[in-house]
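Structural features, examined
Each chain, written out:
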Amino acid sequence: MIRSLRCVVVIFLLIFGVPMQSHGQTSGIKTKKATTKKTTSSLNNQAQPPVAKRASVVYSGQVSRITVTGNKKIEADAIKVKLKSKVGEPFDRDSVRQDVQSVYDMGYFYNVQVERQVTGAGIELTYQVTEKPSIVEVTFKGNDRIDKDDLEEAAQLKSYTILDHNKLRETVDKLNKLYEEKGFFLARIKYRLEDVKPNEEVRVVFDIKENDKVRVKKVTFLGNRALTDTKLKGAMQTQEGGFFSWISGSGSYKQDVFDRDVSILNYLYFNEGYVQVKIDRPQVYVSPDKKSISITIRVEEGEQFNVGKVDFAGDLLFTRDELYEATEIHKSTVFVYETLQKDLKSLQFKYGDLGYAFANIIPKTQVREKERLVDITFEIEKGQLVYFGSIIVTGNSKTRDKVVRRELKIKEGELYNETRKRKSEENVKRLGYFSEVIFNSSTPVENSNVLNLDIQVKERSTGTLNIGAGFSTATGFLFNGSVSQANLFGKGQSLGISLNLTEKGQLYNLSFTEPYFNDTEWSVGFDLYKRDSDIGSYQEHKLGGDIRFGHPIGEYWNAYLTYKLENTDIGVLDGIDKTLFNDTYVDGVTSSITGSVVYDRRNDRWSPTSGGFASLAVEHAPSVLGSKKLFTKALANVRYYQELFWGLVFRNNLNYGLIFAPPGSEVAFNELFLLGGPYSLRGYSSFTIGKKRYACCRPVSSSSPNGLYPIVYGGTQEVFYQGEIEFPLITEAQIKGVVFYDIGQAEDAIILPELRQDVGFGFRWFSPIGPLRFEWGFPIQRREGELYQNFEFSIGSPF
């Protein structure tokens, strides 16, 4: 019996290629043998994957049983599912070798061994595993400048996960990058392991030596003649530190940012015609105290090159004159790389309008050093015609698909057109319902001449809310509020409700607009309002409404027609000079019709950064419509937006208004123009700028001739301009800053030297409830009785 057992053991050893031990005894047959010492240092070395040795004897048999041993945290079934060897299938040496590698690749084990035993039922395989320990705690030591929470967020290393040395090394890289971003360029980080339960649980400790924060003390350029140090430094994101570095963040050194700066410098020189510029690898010198660095950049500018011959080759679907008209580089004297890139896009768009979405245009340049000229040949390969495939909209959790699709100028199945595609994107952005609009395109593998579009949008808050309460000596206790929604129920409809309650008046207003009535291009809307006001000198009661119709009359152009019916009742208070507030032309019905034309090419209705807007409206209230108040009012508005650089946006708003009455009548005083407040002259309180009249009677003062006192009455004309620079403060939170200048007046005759002016600054936050505006305005040449500064808070877009 013993002799038979020894023969079986010998056969096992021969099959698995394991050498015989001299004493002739073994505990089993193993394909891989690895020793793991029970010390902390052994855990810091990554085990190598086991390799099964080739057997010297070929043996066949059927696998009757598979057993997993040594596993404590990982279920046996999770290991068995990785095995190629299966119960009931023939034993295969290569399959066992693959099993060892597959189990090891799970990443949970230091060592994997296989034992095989032949029984009467077949071959039993036993997979012995040695598990890696679990991480029970992650700690940081030496972190004085960066909080533990920030380190944990950057590390993304969780407790009770299996130890993985590769992942630990990646974590060290992440932590180093975090310190680099914070300015600690010389920080050094290492990790070590501490046993909690030997071979079962460990504690990961990151030892951090922060060193001092490194500041860029000096950036020096050597060899630059054509471009000044100031221009080169101004283009770089890496800036020299200064007195206010702790506020501005200048002086920080980040390797990835500095690498981009070198590319920016090359681009800067190429834009000036220095196409042979060479910028050596910058030299970085660390100061002895390791608190600052100096950077030296050597530049070999070469000569400046001009534009030589410009030609076109390849698939020319247009005449050369048409291609020249689409490009600008041939008009330049100096070679400008940026112009060349713009010309490439222009040519691609031109071919794209013919359906060649993937036209390949390569600008081949030839440098003539003696003449210092760069010849350019645009080689054009038109490719194949492309058609629009499926068009889907994603991300519109609130807005309905049809609201987006009706803005598209393209359809599924039609020939590709670049211009209509771009206009479609502009239209969707112009809705103002989305903070982000991206047109992603893809081509199916089976059909390369089809372009599928995935319109990805990100919903933004399209509602505004304004609630306020307080006390005023003019109106007493007050409460006001307004709610508006520009995308009601995701249908693109707009609804607005507002109220203003004070001790001396109430205002209620309801408005609604359907931009695509019954899925046509007609827009329909209405307003209903009721206002009771105690102005101080008189009481005003208004009740009315209007209905509006609109229709496009051209690209970016719309025409509107509005009918308004309103009843006004004015009561002049006792003791007030009634010759000043003559209610003869004020009381009664106003029945008017307004025609307006609007041009809108803003890229975003809520927060435009480019484009323009213009409108002209004329309201006429004749007796033939049953109106007692007879007048004609004209309003003109022009706005222009231009993105400058670094996210700065130049915004402009110009307004003019005029009102007059027919002969024998007089313009009602409550229709006259007044300025001041967040939507006109921001340095003055609301409705405090306008023509003044004098009422009787108050004690004589320096500003009240003959005992009369001034009242802001209003003028028959108004003109005002608002100009501002808007700039990003915290991009992620959509917080922006603004500086502004306003000028305007409301008089019967506009006199330029009499225009009122103000300057100011403010902050804007595109919050979940809508755009919040905080603005401080300061009058220029302040007059008696006016405040030194005026603060305005409002919710809603400025203009």
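Residues numbered from 1 in each chain as written. Predicted model: local features only at pLDDT ≥ 70, side-chain atom pairs only at ≥ 80, totals over all residues. Heavy atoms only, no water.

**Looking at the sheet that holds strand β12 (residues 306–314)**
Adjacent strands of a sheet pair through backbone hydrogen bonds, lying either parallel or antiparallel. How we decide: Each pair of strands is called paired provided DSSP finds at least two bridges between the two strands. For the purposes of this entry, the term helix denotes a DSSP run of H or I that reaches at least four residues, the term strand denotes a run of E that reaches at least two, and both are numbered from the N terminus. Axis angles are defined between N-to-C directions and span 0 to 180 degrees, where every axis is a line fitted to C-alpha atoms and, for a helix, only to the segment in contact. Residues count as neighbours in contact if any of their non-hydrogen atoms are within 4.5 Å of one another.
The three strands are arranged β12-β14-β13 in an open sheet whose pairing can be described as mixed. Edge positions in the sheet fall to β12 and β13 (360–368), since each has one partner strand and no second. The mean angle between the axes of side-by-side strands here comes to 20 degrees, regardless of whether they run parallel or antiparallel. One ladder, built from nine bridges, connects β13 with strand β14 (residues 373–381); its direction is antiparallel. For Val 367, the partnering residue across the bridge sits in β14 and is Val 374. Across the face of the sheet, helix α10 (residues 337–352) comes into contact with β12, β13 and β14 while running at roughly 25 degrees to β14.

**Brief notes about helix α3 (residues 93–105)**
Heads up, the condition is: Working rule for helices: expected span equals 1.5 Å times residues minus one. Residue exposure (1.4 Å probe, protein chains only): buried if accessible area is under 20% of the type maximum, exposed if over 50%, otherwise partly exposed. Side-chain atoms alone can form a polar contact between residues adjacent in sequence; in general such a contact is a pair of N or O atoms within 3.5 Å, and within protein one must be able to donate a hydrogen while the other accepts it.
Taking 1.5 Å per residue, 13 residues should reach 18 Å; α3 reaches 19 Å between its end C-alpha atoms and fits that length. Ser 95, Val 96, Asp 99, Val 100, Val 103 and Tyr 104 are the residues of α3 that are buried. Lining the buried residues of α3 we find α2 (76–80), β2 (109–119) and β3 (122–131). For α3, the N-terminal capping position is held by Asp 92, with its side-chain oxygen 3.3 Å away from the main-chain nitrogen of Asp 94. Phi turns positive, to about 85 degrees, at Gly 107, one or two residues after α3.

**Brief notes about a negative patch on the surface**
Where we set the bar: Patches in this entry comprise residues that are over 30% relatively accessible and not in a salt bridge; like charges within 9 Å are linked, as are nonpolar side chains (Val, Leu, Ile, Met, Phe, Trp, Tyr) within 5 Å. Surface accessibility follows the Shrake-Rupley procedure with a 1.4 Å probe radius. Residue values consider only the protein chains on display as shielding. Salt bridges are identified by distance alone: a Lys or Arg side-chain nitrogen within 4 Å of an Asp or Glu carboxyl oxygen. Counted as positive: Lys and Arg. Counted as negative: Asp and Glu. His and the chain ends are not counted at all. Charge positions are represented by NZ for Lys, CZ for Arg, CG for Asp and CD for Glu.
A cluster of acidic side chains, namely Asp 147, Asp 149, Asp 150 and Glu 153, defines a negative patch on the protein surface. Along the chain, the position of Asp 149 falls in helix α4 (residues 148–155). Look at Asp 149 and you get exposed, because its relative accessible area is 55%.

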